[in-house]
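If you want the building blocks of each chain, they are given just below.
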Amino acid sequence: MFKTFKFLLHAFLFSLCCLASFNASAANIKNIRVANHADDTMRIVIDISEKNGYKVFTLKNPDRLVIDIEKTSFLDSLKPQFANIKYLKNLRFGKMENGVARIVAEVNFPPKVKKDFFLPPQSGFEWRLVVDVENPKASSYSLNNQAQKNKNQNQYRKPLIMIDAGHGGKDSGAISISGYYEKHITLKMAKELRDKLIKSGRYNVMLTRNDDRALALRQRVQMARNAKADIFISIHADSALNSSAKGLSVYTLSEKASDSEAAALAERENKADAVIGMDFSDKPQDVATILIDLVRRDTMNNSSILADYMVAEMKKNVTVLPNTHRFAGFAVLKAPDIPSVLVEIGYLSNRKEELMLRKPEYRAKLAASMLKALDKLFKNHSIIDK
Ligand SMILES: [Zn+2]
């Protein structure tokens, strides 16, 4: 979810050449200090050049306190000071794509914010954002600490990838001119990808379906969430009236489709629920209500990064559509906390592409590209919280 320090360093080196483009009025965080303030309080002080809008909130699993400050950067030489704070496990920081500076305190207990406020410049200090967090009672601390220890033991787990073969059962999906069903090709592709990922030794894999069965779109999302999947990849194959249309495309979620083609495609794919007689579209959005806005934003960022990596890898090997990474409101991409992409692996309505998609060697090529993209994602971005 957050860039690792190593990645930050790379980002910093890269950004040296474009410092001139920085907004001069943006605030800079110069220091982050954490200290015990009275017995029952841990105080976080952020030294910052200007006062900006901010938000403090907490997250679970693992317990974290998050401070987001708008339009703010970190001083390059910033080294937070937080040694010997018993309840603080780690402190991370990173700039998000929307210009928000995010500071994350990983703590050994569910954090409770007592107060947060800005102190105006005085006694040699610039602006200071102060966040006071309640220190837990010793007893609850030791309990949580034990739970944390248990969790730490499997922190080096492999990422879990949930692969979703589109359609299934009486929902056949698109049908090729020669009568070949999308639901069959998506399952074959899903299994090919599963085998490739498992063989790499770097991933655990689950499939939403392993046979020819119908699943509602929301069920697929729920399966990924129940399994605590780290990534969700939905596999589909496209179809168009124009039989010369060809090429692969990768989609991520957006309420606003990138073009009318993408919007029409999302509508077709979302109809799968109606086909199998399970239309949830008028039900309250149970998934939507549980999400934390910011988690969702991170998820969407990571989805986009994965999609871009996939496109970059695919381009080396296979024909892709122009503007290969597209956006649309696919129901199956709506897990708020799991980066999700939908891959349309090609056009079944194109005779040549249909034949290719039916070849195991071609699907192996696609799977290899997807594996490379996942490797890049997990190498460059900490998707799994450690
Ligand atoms: Zn489909």
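Note: the structure precedes this text.
Conventions and cut-offs
- Residues numbered from 1 in each chain as written.
- Predicted model: local features only at pLDDT ≥ 70, side-chain atom pairs only at ≥ 80, totals over all residues.
- Heavy atoms only, no water.
- Helix = DSSP H or I, 4+ residues; strand = E, 2+ residues; numbered from the N terminus.
- Buried < 20%, exposed > 50% of the residue type's maximum accessible area, 1.4 Å probe, protein only.
- Contact = heavy atoms within 4.5 Å.
- Donors = N, O, S within 2.8 Å, 3.2 Å for Na, K, Ca; no water.
- Pairing = 2+ DSSP bridges.
- Axes fitted to C-alpha atoms, helices over the stretch in contact; angles between N-to-C directions.
- Salt bridge = Lys/Arg side-chain N within 4 Å of Asp/Glu carboxyl O.
- Parallel < 35°, antiparallel > 145°, perpendicular 65-115°, else oblique.
- Left-handed = near helix turned anticlockwise from the far one by under 90°.
- Nonpolar A, V, L, I, M, F, W, Y, C, P; charged D, E, K, R; others polar.
- Core = buried A, V, L, I, M, F, W, Y, C linked by side-chain atoms within 4.5 Å.
- Expected span 1.5 Å × (residues − 1).

**A closer look at the overall build of the protein**
Counting its regular elements, the protein contains 10 helices and 15 strands. Expressed as a percentage of its 386 residues, the buried residues of the protein come to 48%. Long-range contacts, defined here as pairs at least 24 residues apart, represent 74% of the contacts in the protein between residues at least 6 apart.

**With respect to the coordination of the zinc ion**
Every protein donor of the zinc ion is accounted for by His 167 (NE2), Glu 182 (OE), His 236 (ND1), Glu 269 (OE) and Glu 269 (OE), and the metal-donor separations fall at 2.0 to 2.4 Å. Within one chain, the residues serving as donors to the zinc ion are arranged as H-x14-E-x53-H-x32-E. Taken together, the residues His 167 in the loop between strand S10 (160-165) and helix H3 (182-200) and His 236 in strand S12 (residues 231-238) connect sequence positions 69 residues apart. Note on accessibility: His 167 and His 236 belong to one class, buried.

**Describing the sheet that holds strand S8 (residues 113-119)**
Strands sit in the order S5-S1-S2-S9-S8 across an open sheet of five strands; the sheet is mixed. On the outer flanks of this sheet lie strand S5 (72-74) and S8, each paired with one strand and no other. Here the average twist between neighbouring strands, direction ignored, is 30°. Where strand S1 (residues 27-36) and S5 come together, three bridges link them in parallel fashion. Looking at the pairing, Ile 29 lines up with Phe 74 of S5.

**Observations regarding the pattern of salt bridges**
Going through the model one piece at a time under the given rule, you end up with 20 salt bridges. Among the ionic pairs, Asp 132 bridges to Arg 43, the shortest N-O distance being 2.7 Å. Highlighted residues: Asp 132 in strand S9 (residues 127-134) and Arg 43 in strand S2 (residues 41-48), separated in sequence by 89 residues. Of the two residues, Asp 132 and Arg 43, neither departs from the other in class, the shared state being buried. For Asp 337, the salt bridge is made with Arg 225, and the minimal N-O distance between the two is 2.8 Å. Linking Asp 337 in the loop between strand S14 (320-328) and strand S15 (340-347) with Arg 225 in helix H4 (residues 217-226), this pair joins segments that are 112 residues apart in sequence. Bridged by salt links that share partners, the residues Asp 68, Arg 102 and Asp 298 form one connected network.

**A look at the sheet that holds strand S3 (residues 54-59)**
The strand order across the open sheet built from four strands is S3-S4-S7-S6, with neighbouring strands paired in antiparallel fashion. Because the sheet does not close on itself, it has two edges, and the strands there are S3 and strand S6 (88-95). The sheet shows a mean angle of 15° between the axes of neighbouring strands, direction not considered. Sheet analysis places S6 next to strand S7 (residues 101-107), joined by seven bridges and oriented antiparallel.

**Focus on the packing of H3 against helix H10 (residues 360-380)**
Two elements in contact, H3 and H10, have axes separated by 9 Å at closest approach and are oriented at 50°. One way to sum up the angle between H3 and H10 is to call them oblique. Of the two elements, H3 crosses H10, and the hand of that crossing is right-handed. Contact residues: H3 offers Ile 185, Lys 188, Met 189, Glu 192, Leu 193, Lys 196, Leu 197 and Ser 200, while H10 offers Pro 360, Arg 363, Ala 364, Leu 366, Ala 367, Ala 368, Met 370, Leu 371 and Leu 374. Classifying every residue of the contact of H3 with H10 gives 12 nonpolar, one polar and four charged.

**A look at the nonpolar core**
Core analysis: the biggest nonpolar cluster contains 44 residues, and Ile 233, Ile 345, Leu 366 and Met 370 have the highest contact counts within it. Listing elements by their share of this core, those giving two or more residues are S10, H3, strand S11 (204-207), S12, strand S13 (248-253), helix H8 (293-317), S15 and H10. Counting residues per element, this core draws most heavily on H10, which supplies nine residues. When residues no more than four places from it in sequence are discounted, the contact partners of Ile 233 are Ile 161, Met 162, Ile 163, Asp 164, Leu 193, Met 310, Val 341, Val 343 and Leu 374. Formed by 27 residues, the second largest nonpolar core is a distinct cluster that contains Ile 67, Ala 105, Val 131 and Val 133.

**Points about H3**
Given a rise of 1.5 Å per residue, 19 residues ought to cover 27 Å, and the 27 Å separating the end C-alpha atoms of H3 matches this to within 8%. Taken together, the buried positions of H3 are Glu 182, Lys 183, Ile 185, Thr 186, Leu 187, Met 189, Ala 190, Leu 193 and Leu 197. Positioned one or two residues after H3, Gly 201 has a phi angle of 80°, which is positive.

**So, the environment of Asn 301**
Following the sequence through the fold, Asn 301 ends up in helix H8. Look at Asn 301 and you get partly exposed, because its relative accessible area is 23%. Considered as a pair, Asn 301 and Met 96 are 205 residues apart in the sequence and their alpha carbons are 9.1 Å apart.

Scope: geometric values only; no functional claims are made or implied.
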